[in-house]
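Each chain is listed here by its residues.
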Amino acid sequence: MEFDLKTIEALAPDQASLSAASKLTRQSNWPRLEKNEELALIWGECQGSGSNPYRVVVDTGDHGYKCTCPSRKFPCKHTLALMWIATTAPASFTAAGSTPEWVNDWLGRRRKTTSQPAAPAPGAAGKSIGEASRDDESAVVEDAAAIERREAAQRKRAEDTRSSVSAALDELDQWISDQLRLGLAGFVDNSSDRCRRIAARLVDMKATALAGRIDEIPSRLMGLRSEERPDAAIRELGKLVLLAKAWRSTPDDAELKRLVSTSESREQVIANPDAIQVESLWEVLGEKIETRRDGLVSHSTWLLDLNSAAPQFALLLDYFPASAGRRSNAFTPGDRFDARLVFYPARQPLRALVVERKGDVSSREWPDFGFDKADPLAAHVAHQDTAPWLTDCPVMLPPGAILLDDRGEAWWQSTDNPHGIALPIADTVNPTLLGLDLAATAALWSGSRLHLLAAQSGFGRLDLS
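Residues numbered from 1 in each chain as written. Predicted model: local features only at pLDDT ≥ 70, side-chain atom pairs only at ≥ 80, totals over all residues. Heavy atoms only, no water.

K.L.:
Help me understand the pairing of strand β2 (residues 41-46) in this model?
P.N.:
The side chains of a regular strand alternate, first on one face of the sheet and then on the other. The element β2 is largely enclosed, with a buried count of 6 among its 6 residues. Neither face of β2 is open: one carries Leu41, Trp43 and Glu45, the other Ile42, Gly44 and Cys46, and all of them are buried. As paired elements, β2 and strand β3 (residues 54-59) share 6 bridges and run antiparallel to each other. In the sheet register, Cys46 faces β3, and the bridge partner there is Tyr54. (Buried < 20%, exposed > 50% of the residue type's maximum accessible area, 1.4 Å probe, protein only. Helix = DSSP H or I, 4+ residues; strand = E, 2+ residues; numbered from the N terminus. Pairing = 2+ DSSP bridges.)

Next comes the structure, spelled out in structure tokens:
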């Protein structure tokens, strides 16, 4: 590599960036580290606080770089950490057989610069890479008394949170009773204001995740026809009642805590012995990006296990502030890669993290799943049996086609099914897909609408998300 620690120290915008980069030099933070010595390139994927890792590439010749994180410091801590690993542990990088498309895109857009000694950034005096390393080491070494105090404080916070969440669920029960007493028609008409008020109360009482879910009820209702909304409102409120009862029964259950208050960190999920780990070939089915009323953007990326005999899905879920603008995603629909995933412990494990990504794989067909044509929503029923509070459920539909009804609304219709099963589609459908024979279709079922992700047809894979 054509740089050393002194170069990294000079490139860093400030001491804080160096200290943050030092904490990211552990290889467990990097599911993917690769290099191409001929092109003088190193690249990697660094797992941040979200599910989707940041993509980082560095030119080891002229020190050009690119990272998909939203940091306004240049270079960011991820870039510095990638350089740091390349300097201190070059064997961590595997030689890539081919350069990923996102790296090629960056190469095509960038303006090559002449290699020059890095000049100190304004206001960057006093930077020390040695100090950054010592900061990291000192953070690890704690005396026993400090550990005991920290653990006692954590127990106290956990007890306070549980009491507060319990009180929040009591208020939620009362609120639901009030909505039923006042009438569902009024609730549907005023769901935005009513849900906003109770969601704000739940946030104050530390039931943050549940508040975000309630905040989204109005948009879910408005996506339906007016005559369908009262029934949908009953289902949404019923799911909340079941979730609250389940939490009261087992407040330490990891899945229920995640749905009601807060989620685990990446490190906690990986260290959890109950978390299932699956190493396989995965295809990116599609993504769903939604701006929430609380100012966050949820970015869902759905994966399909290409080695599983039965449809096996995984969800990579990321949140970031809407004010940060649109982020570059680490995955593109249709990407296929070899990776090890760890699933958040749950009754129906779906949400996952990429622990280790070994490289991209070539195009291949979906497995033959041997569909149950009698009930294409059998997977959804199984999910509801074990976790009735779930909302969107991934399903793999048997051979069928997309058709329009008399009102011009799109439906998925099963082929050669004596029961004539048809499911309404939520999104606008490209007219070129109408009537096309679909051998298999991956979609999300909300209980009333399908959100299409991808399909296999005689023309190959179709991106429907």
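K.L.:
Hey, could you run me through the side chain of Asp305 in this one?
P.N.:
You can see Asp305 is positioned in strand β7 (residues 296-305). Since its relative accessible area comes to 5%, Asp305 is described here as buried. At 2.4 Å, the side chain of Asp305 forms a polar contact with the side chain of Ser280. With residues near it in sequence (within four places) discarded, Asp305 still touches Val278, Ser280, Leu281, Trp282, Gln312 and Pro367. (Polar contact = N/O pair within 3.5 Å; in protein donor to acceptor, adjacent residues only side chain to side chain. Contact = heavy atoms within 4.5 Å.)

K.L.:
Before we go on, may I ask you to explain the packing of aromatic side chains in this structure?
P.N.:
Any two aromatic rings considered together are summarised by their centre-to-centre distance and by the angle between their planes. One pass over the full model with this rule turns up 3 aromatic pairs. Measuring from ring centre to ring centre gives 5.9 Å for Trp175 and Phe187, while their planes differ by 75 degrees; the resulting arrangement is edge-to-face. Of this pair, Trp175 sits in helix α6 (residues 144-182) while Phe187 sits in helix α7 (residues 184-189), and the two are 12 residues apart along the sequence. Of the residues examined, Trp175 reaches a relative accessible area of 11% and is grouped as buried. Taken together, a centroid distance of 5.1 Å and an interplanar angle of 20 degrees make the contact between Phe331 and Phe337 stacked. Above the face of the Tyr344 ring, Arg351 is positioned so that its terminal group lies 4.4 Å from the ring centre. Against the face of Phe337 rests Arg357, its NZ or CZ located 4.5 Å from the ring centre. (Phe/Tyr/Trp six-rings, centres within 6.5 Å; stacked < 30°, edge-to-face > 60°. Lys NZ or Arg CZ within 6 Å of the ring centre and 35° of its normal.)

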